[in-house]
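Now for the letters of each chain:
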Amino acid sequence: MDTTTPPFFHRGPAPLARLTFFVSLSILLMVLDARFRYAEALRQTAAVIVYPLQRIAMAPMALLDNAGDYFTSQISLKRENDALRSRQLQAAGERLTLDSLRAENAQFRRLLEARQRLPRISTFAEILYSGRDPFSRKIVIDKGSQQGIQAGLAVIDDVGVIGQVTRVYPLLAEVTLITDKEQVTPVQVVRNGLRAVAYGGGGGNSGDGTLDLRFMSANADIQTGDVLVTSGIDGTYPPGLPVAKVARIERDAAYAFANISCTPAAGTDQNKQVLVLSQEADPPPEPTLAEPAKPAKTRRTRAMDK
Amino acid sequence: MPFYGQSKRILLPVRPGFMVFTVIVALLFNLLPWRDVNGLPDLLALVIAFWCVHQPRKMGIGVAWLLGIFMDTGNGALLGQHAFAYAVLAFTAITLHRRILWFPLSQQAAQILVLLLAIQLLMLAVRLIAGGAFPGLAYFAGSLIAAVLWPAATFILLWPQRRPENVDANRPI
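Keep in mind that this is a model prediction, so the values were computed, not measured.

Within chain A, the secondary structure is distributed over 4 helices and 12 strands. A total of 306 residues make up chain A; the buried ones form 35% of that total. Put simply, of all contacts in chain A between residues at least 6 apart along the chain, 58% involve residues at least 24 apart. Element-wise, carbon and sulfur atoms account for 59% of the exposed surface of chain A, whose accessible area totals about 18,400 Å².

In C-alpha cells form, the structure reads like this:
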C-alpha cells in the first residue's frame, strides 16, 4: 500500500500541455528525419537500446529454423544434394569459358584504354525480417557496420538486384528494395541497350511489387518481355545484373510518355540469403562525352519534376 | 443491467513491475520478425491504451512517446511516427478513461477500436505526406483484431490484481 503523500495535488503539467509538448517534439523529429536526416544520432541511440529486444524477438524464429533443419529427412537432403551437384557441373562448364572470356575482355579493355572493371568483394547476409513498416518496402539483414556494410551498397540475390543498403546500424542494416516508392535504379534494355530509370511502384509491404519506367517517350523501342539489367552508370550497381522484365506497356497518344510497368527479377519477397556487394575501389568518373544519353535524360527528368 | 463493470470487484493495487513486464512483452510481439504480413494488430498500442485507461496516473503520455520512438527504430519507420501516434493515443485514453470504464467490455472494445483506427489514420496521413505508399485496406485490419483482443487483454492484464492476498472463504474478493 502507498504510505507516502497521495499524489492527488501535484500531478505535473496538464495532459493537454504534455500532449502539445510531445506532439510538437514528434513533428520536429519527423521533419528532421524525412527532410534533413538530422535525427540519425537519436535513431542510433534508440537502436542500441532496442537491439537486445530485437534479438530476443528473433530467437523463436531461429529456433524453429534450426529445428526444421534438424528434422530434414535424408531423402530431401539427398535430392537437394543431387540438384546442387548438377547445377554445380553446369556452372563449372560456364565458369571455364568465363575465365577465358574475362581474360579476353580485360585485354580488349586494355586495347581500348577503357577503365578496368575491378572485382567486388561481397558479403553474405541473411534477411532477418522484412520490416513491419507497411508504408515502405524494406528488409533488415543481419550484417551491419561492424561487418563493413556501408549505406549505399548494392544487395543482390542469386537471380538479380534486390535493392540498396540505406541505413546501417552496428549489427543490422536496412535495405530498401527496388520496388520501394522512393527507390530509383538505373537500367538498360538488354535487347538494344536503351537506357532508362526504373522507379519502384510501392504498393505496401504485402502487395506485389512492381517497377515503373517513367519518362520513356511513347515511341521508345521497348517491348513486353524485354529484360532490364543494371546499366552501371551510377557506380552503385555493377553493370549487367538482371533487374526486371517488362510486363505491360500502355502507349497513349495523349501523353508524351509511355506507361511501362515491370516485374522484378529477383524474388524480393522470398529469398532468405542475400549478397551485399562492396563499392568498387575507385568510383567511376563523371559522365563524359562517351555517354551522351545520361545528361539528356536527367534534364528531362528534372523538367518533369517541376 | 445498466451499470456493469469491473468496479464491482475490488482490485489489488497494480504492481509497476507487472506493467513494465506487459509493455515489454507487447513491444517484443511488435518486433517479431514478421515477413510481409499486413494487418497485424499493434499490441503495444493496445497495452498502452489499456494502462492509460486503467492506471492513468502510472502510465503517461511521455512513456507512450518513448515507446513510440523504440517502435520507430525497431521497424525502420519514420522517426517520430509511432511516437506521435502513441502520445495522441495516451492522451485520448487518459482523457476518456472514466467514461470508457463505465461500459461493459464489448462496448469498451468498440471505443478502443475507434481510438486505434484514429491513430492508424494519423500515421497513414503522416506517411503519405512524407512520401510513403498506401499500404492497402488490410492495414486497418490490425485495429479490428486488436479491438477484438480487448476483453482478453482485460482478463490477462487485470489477472494479478484479482488475486486475494490471503484466501478467506467468507470474504467477497
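Quick look at the overall build of chain B now. Per the secondary structure count, chain B includes 8 helices and 0 strands. Helices and strands appear in chain B in the N-to-C order α-α-α-α-α-α-α-α. Residues counted as buried form 54% of the 173 residues belonging to chain B. A fraction of 70% describes how many contacts in chain B between residues 6 or more apart in sequence connect residues 24 or more apart. Total accessible area on chain B is roughly 8,000 Å²; 71% of this is exposed by carbon and sulfur atoms.

What follows deals with the nonpolar core. Membership of the largest hydrophobic core comes to 64 residues, with the highest contact counts inside it found for Leu44, Ile48, Trp51, Ile61, Tyr86, Leu89 and Ile112 of chain B. Every element with two or more residues in this core is listed here: helix 1 (15-36) and helix 2 (40-70) of chain A together with helix 1 (16-30), helix 2 (43-54), helix 3 (61-75), helix 4 (81-101), helix 5 (105-129) and helix 7 (150-157) of chain B. In terms of residue count, the dominant contributor to this core is helix 4 of chain B (11 residues). In contact with Tyr86 of chain B, not counting residues within four places along its chain, are Asn30, Asp42, Leu44, Ala45, Ile48, Ala64, Leu67, Gly68, Met71 and Ile119 of chain B. Of all hydrophobic cores here, the second largest spans 23 residues; its members include Val161, Ala198, Leu211 and Val246 of chain A.

The subject of this paragraph is the sheet that holds strand 8 (residues 211-213) of chain A. Residue and element names in this part refer to chain A. Taken together, 6 strands build a closed barrel; the order of strands is 6-7-8-11-10-9 and the barrel is antiparallel. The mean angle between the axes of side-by-side strands here comes to 40°, regardless of whether they run parallel or antiparallel. As paired elements, strand 6 (residues 184-189) and strand 7 (residues 195-200) share 5 bridges and run antiparallel to each other. Bridge pairing in strand 7 links Pro186 to Val197.

With 48 residues of chain B at the interface, the matching set in chain A holds 54 residues. Surface buried jointly by chain B and chain A totals about 4,500 Å² across both partners, of which 67% is contributed by carbon and sulfur atoms. Where chain B packs against chain A, one counts 0 salt bridges. Summed over the shared surface of chain B and chain A, the result is 7 residue pairs in polar contact (both at pLDDT 80 or more). No other element matches helix 3 of chain B, which puts 10 residues into the side of chain B that touches chain A. Of the residues in the side of chain B that touches chain A, the class split is 32 nonpolar, 11 polar and 5 charged.

Detailed reading of the predicted coordinates is not advisable wherever pLDDT is low. Here chain A averages 79 in pLDDT, and 81% of its residues register 70 or above. For residues 291-306 of chain A, every residue scores under 50 in pLDDT, and the model assigns this stretch 13 contacts once sequence neighbours within four places are set aside.

Residues and elements named next belong to chain A. This model, assessed by the stated rule, comprises 9 salt bridges over all chains. Lys138 is paired through a salt bridge with Glu174; the nearest N and O atoms lie 3.7 Å apart. Here Lys138, found in strand 2 (residues 138-141), pairs with Glu174, found in strand 5 (residues 173-177); they are 36 residues apart in sequence, far enough to count as distant. Its relative accessible area of 3% is what places Glu174 among the buried residues. The partner of Arg248 in a salt bridge is Glu250, with the nearest N and O atoms 2.4 Å apart. Under the relative-accessibility criterion, Arg248 is labelled partly exposed at 40%. Salt bridges here are not isolated pairs; linked through shared partners, they connect Asp33, Glu40, Arg43, Lys138, Arg167 and Glu174.

Time to look at the packing of aromatic side chains. Applying the stated criterion across every chain, the model contains 9 aromatic pairs over all chains. Measuring from ring centre to ring centre gives 5.1 Å for Phe21 of chain A and Phe22 of chain A, while their planes differ by 70°; the resulting arrangement is edge-to-face. Residue Phe22 of chain A is classed as buried on the basis of its relative accessible area, which comes to 13%. These aromatic residues form a ring-pair network of at least three members: Phe18, Phe50, Trp51 and Trp150 of chain B. Sitting over the ring of Tyr199 of chain A, Arg214 of chain A keeps its end group 4.1 Å from the ring centre.

Looking now at the environment of Glu182 of chain A. All names here are of chain A. Within the secondary structure, Glu182 is located in the loop between strand 5 and strand 6. A residue is classified by how much of its surface remains accessible, and Glu182, at 55% relative accessible area, is exposed. The spacing of Glu182 and Glu126 is 56 residues in sequence and 23 Å in space, taken between C-alpha atoms.

All names here are of chain A. If you walk around this closed barrel you meet the 6 strands as 1-2-5-4-3-12, and the pairing is antiparallel. Direction aside, neighbouring strands of the sheet carry axes that sit 45° apart on average. Across 3 bridges, strand 3 (residues 154-156) lies against strand 12 (residues 273-277) in antiparallel orientation. Bridge pairing in strand 12 links Ala154 to Leu277.

Our focus in this paragraph is the confidence of the model for chain B. Residues and elements named next belong to chain B. Averaged over all residues, the pLDDT of chain B is 86; the fraction at 70 or higher stands at 88%. Mean pLDDT in chain B bottoms out at helix 8 (residues 159-162), which sits at 84, and peaks at helix 2, which reaches 94. The low-confidence segment residues 1-7, where pLDDT is below 50, has 12 contacts with residues more than four positions distant or belonging to other chains.

Criteria and cut-off values
Residues numbered from 1 in each chain as written. Chains lettered and ligands numbered in written order. Predicted model: local features only at pLDDT ≥ 70, side-chain atom pairs only at ≥ 80, totals over all residues. Heavy atoms only, no water. Helix = DSSP H or I, 4+ residues; strand = E, 2+ residues; numbered from the N terminus. Buried < 20%, exposed > 50% of the residue type's maximum accessible area, 1.4 Å probe, protein only. Contact = heavy atoms within 4.5 Å. Areas by Shrake-Rupley, 256 points an atom, 1.4 Å probe, with all protein chains shown as cover. Core = buried A, V, L, I, M, F, W, Y, C linked by side-chain atoms within 4.5 Å. Pairing = 2+ DSSP bridges. Axes fitted to C-alpha atoms, helices over the stretch in contact; angles between N-to-C directions. Buried area = accessible area lost by both parts, 1.4 Å probe. Salt bridge = Lys/Arg side-chain N within 4 Å of Asp/Glu carboxyl O. Polar contact = N/O pair within 3.5 Å; in protein donor to acceptor, adjacent residues only side chain to side chain. Nonpolar A, V, L, I, M, F, W, Y, C, P; charged D, E, K, R; others polar. pLDDT = per-residue confidence, 0-100. Phe/Tyr/Trp six-rings, centres within 6.5 Å; stacked < 30°, edge-to-face > 60°. Lys NZ or Arg CZ within 6 Å of the ring centre and 35° of its normal.

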